[in-house]
Amino acid sequence: MRITGISTHVVGTPWRNLTYVQVHTDEGITGVGETRMLGHTDALLGYLREAEANHIAGSDPFAVEDLVRRMKYGDYGRAGEIVMSGIACVEMACWDIKGKALGVPVWQLLGGKVTDKVKAYANGWYTVERTPEAFHKAASTVVERGYRALKLDPFGTGHFELDHAETLHSLSLVEAVRDAIGPETELLVEMHGRFSPATAVRLAAELERFQPSWLEEPVPPENLKALAKVAEKTPLPIATGERIHDRIEFRELFESQAADIIQPDLGHIGGIGETRKLAATAETHYVLVAPHNVGGSVLTAASLQLAGCTPNFKILEHFNDFADAEIKKVVKGAPQVVDGYFQLSHEPGLGVELDTDAAAEFPQQQARFDLWAEGWEKRNPKGGRK
C-alpha cells in the first residue's frame, strides 16, 4: 500500500479554524487527521503542500515511524508548531488507515486497552457575561448535561499581576461555579500562563478552598524555573504542556518535577505515536496525562485512542458540546459524552469519518482568539473587543 496524496479541509468559526487532512492510498483506504491552529492555518496548509511532494506521496502508511522521522528531520530546520502540527495530521491519518486495513481500533495497535471509558471535562461553556450569576447558571447547565468535571479561566485579561478588586471578582466567579456544581464535580482552574510567580502563588492560596483538581499554566510556559517556584509553594496540582511541541522538550519539565499533569496536544506534538512515547516517559516520573483538546471530533477520537491504552491517562478536554456545537456534524461517528464519560470506540482505525460536504458548510475564517482582549471568554472576537 502507498500514499497517493493528501487533501485538506478547513472548518472555520470566528475563534478557531480546524484543519482536517485526508490521506489517500492506492488501495482505496483513506485516513483522516486534524489539528487546530491559532492564526497560522494558511502557513500549515503551505507546509503540507510542500511536505506532500517531499515526504508523503509514495510513502507506506504502515511505516508511521519512518514517515514521522523524515517529516521531522528531513528538511533539516528545527521543527516547530507548524511542522509538528502538519506531522500530527498526517500521522493520525496513517494510524487510521492502518486500523481500517487490519480491522481493529488504533488502541489495539498501541498495546491494547486499559479502560473502557474516559472521563471528560467541559470547556467553552462560559461564553456569558462575566458575573457570578451568569457563571453559576452556565455551570449548572454543564452538570445537567451529565458532565462530572469542568474548567474555567476566571481571570479576565489578567497579565502578570491582578489587582485587589479584580482578584475578588475572579474569586467570586470560581465560588459561584463551585456552588453550582457541588463538591463532587471536578473543578479545574485555567490560568493561561498569565501571571508572575508571586501572583500565581497568591491566587493559588486563595483558590485552595474551592478544591480545584489542578492549576493550569500559572506562569508563562517559557520559564520552567518560574513554574517550579509556584509548584514549591502550593499543594495544588500543577498542569502544563499544551504549548510544548516536541516531546524531547518535556525532559527539563520532568527533571524539575514542577508539573503533576502534562497536557500535550496530539494535534501539535506530532500525533498519536509521539504522545504515546511521551506518556510512557511521564509514567516513569509518576506524572499523569490530560491532553489539551480544543479541536473537533477527529482530534477527540485520536485522543481517545491514546487514552484507551495509557495507564496514566487522567481526563480529556471537550469543547464541542458548548462552543460551536454545530461543527460536530462534519464528522460521522463523532465521540459523545454520556454521564460524564466517553466510551472507548471499537470501530476500526479512529472510528470516525470526515463528511466533506458538511465541512464545506463552514468555510475558513479569519479566526482570532486573543486572551488579552476584554470579553475573550465569549469566543466572539468581533463582539469581544472594545
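In the annotation of an unreviewed UniProt entry, the entry for the protein chain reads Mandelate racemase/muconate lactonizing enzyme family protein, and the organism field reads Streptomyces luomodiensis.

Both faces of strand β5 (residues 149-152) are covered, namely the face carrying Ala149 and Lys151 and the face carrying Leu150 and Leu152. Where β5 lies against strand β6 (residues 186-190), 4 bridges are found, and the strand directions are parallel. In the strand pairing of β6, Leu150 is matched with Leu187. Once you follow β5 into helix α6 (residues 164-181) and on to β6, the crossover reads as right-handed.

A few words on helix α8 (residues 224-232). Residues Leu224, Ala226, Leu227, Ala228 and Val230 constitute the buried set of α8. Its buried side turned inward, α8 meets α7 (197-207), β8 (238-240) and α9 (251-256). Its side-chain oxygen placed 3.1 Å from the backbone nitrogen of Lys225, Asn223 serves as the N-cap of α8.

What follows concerns the packing of α6 against α7. Packed helices, taken two at a time, are described by the angle between their axes plus the distance between the axes. It is at 11 Å that the axes of α6 and α7 come closest, and there the two elements cross at 40°. In terms of orientation, α6 and α7 fall into the oblique class. For the crossing formed where α6 meets α7, the hand is right-handed. For the pair α6 and α7, the contacting residues are Thr167, Leu171 and Val174 in the first and Arg202, Leu203, Glu206 and Leu207 in the second.

For the rest of this paragraph, the subject is the pattern of salt bridges. Under the counting rule described, the total for this entry stands at 26 salt bridges. Between Lys151 and Glu190 there is a salt bridge; the shortest N-O distance is 3.6 Å. One end of the pair, Lys151, is in strand β5; the other, Glu190, is in strand β6, with 39 residues separating them in the sequence. Taking the relative accessible area as the measure of exposure, Lys151 reaches 1% and is therefore buried. Its relative accessible area of 3% is what places Glu190 among the buried residues. Between Lys314 and Glu186 there is a salt bridge whose closest N-O contact spans 3.3 Å. Here Lys314 is found in the loop between α11 (297-308) and β11 (316-318), whereas its partner Glu186 is found in strand β6, with 128 residues between them in sequence. Since its relative accessible area comes to 14%, Glu186 is described here as buried.

Rules behind the numbers
- Throughout this document, residue positions are counted from 1 along each chain, in the order its sequence is written.
- Only residues with pLDDT of at least 70 are given local features in this predicted model, and only at 80 or more are side-chain atom pairs given and counted; all residues enter the totals for whole chains, interfaces and linings.
- As a convention, hydrogens and water are excluded, and side-chain values are obtained from all of the structure's heavy atoms.
- Only protein chains enter the accessibility calculation, which uses a 1.4 Å probe; a residue is then buried when its area is under 20% of its type maximum, exposed when over 50%, and partly exposed in between.
- Think of it this way: any DSSP run of H or I at least four residues long counts as a helix, any run of E at least two long counts as a strand, and we number them from the N terminus.
- Any two strands with at least two DSSP bridges between them are considered paired.
- The path from the first strand over the helix to the second decides the hand: if it runs clockwise while the strands point away from the viewer, the crossover is right-handed.
- Here a residue-residue contact requires only that any non-hydrogen atoms of the pair lie within 4.5 Å.
- Under the rule applied, a polar contact is a pair of N or O atoms within 3.5 Å (in protein, one hydrogen donor and one hydrogen acceptor; residues adjacent in sequence only if both atoms are side-chain atoms).
- Between N-to-C directions, angles cover 0 to 180 degrees, with each direction set by a line fitted to C-alpha atoms, over the stretch in contact for helices.
- Roughly parallel means an angle under 35 degrees; roughly antiparallel means over 145; roughly perpendicular covers 65 to 115; every other angle is labelled oblique.
- In a left-handed crossing the near helix is turned counterclockwise from the far helix by less than a right angle, and in a right-handed crossing that turn is clockwise.
- When a carboxyl oxygen of Asp or Glu is within 4 Å of a side-chain nitrogen of Lys or Arg, the pair counts as a salt bridge.

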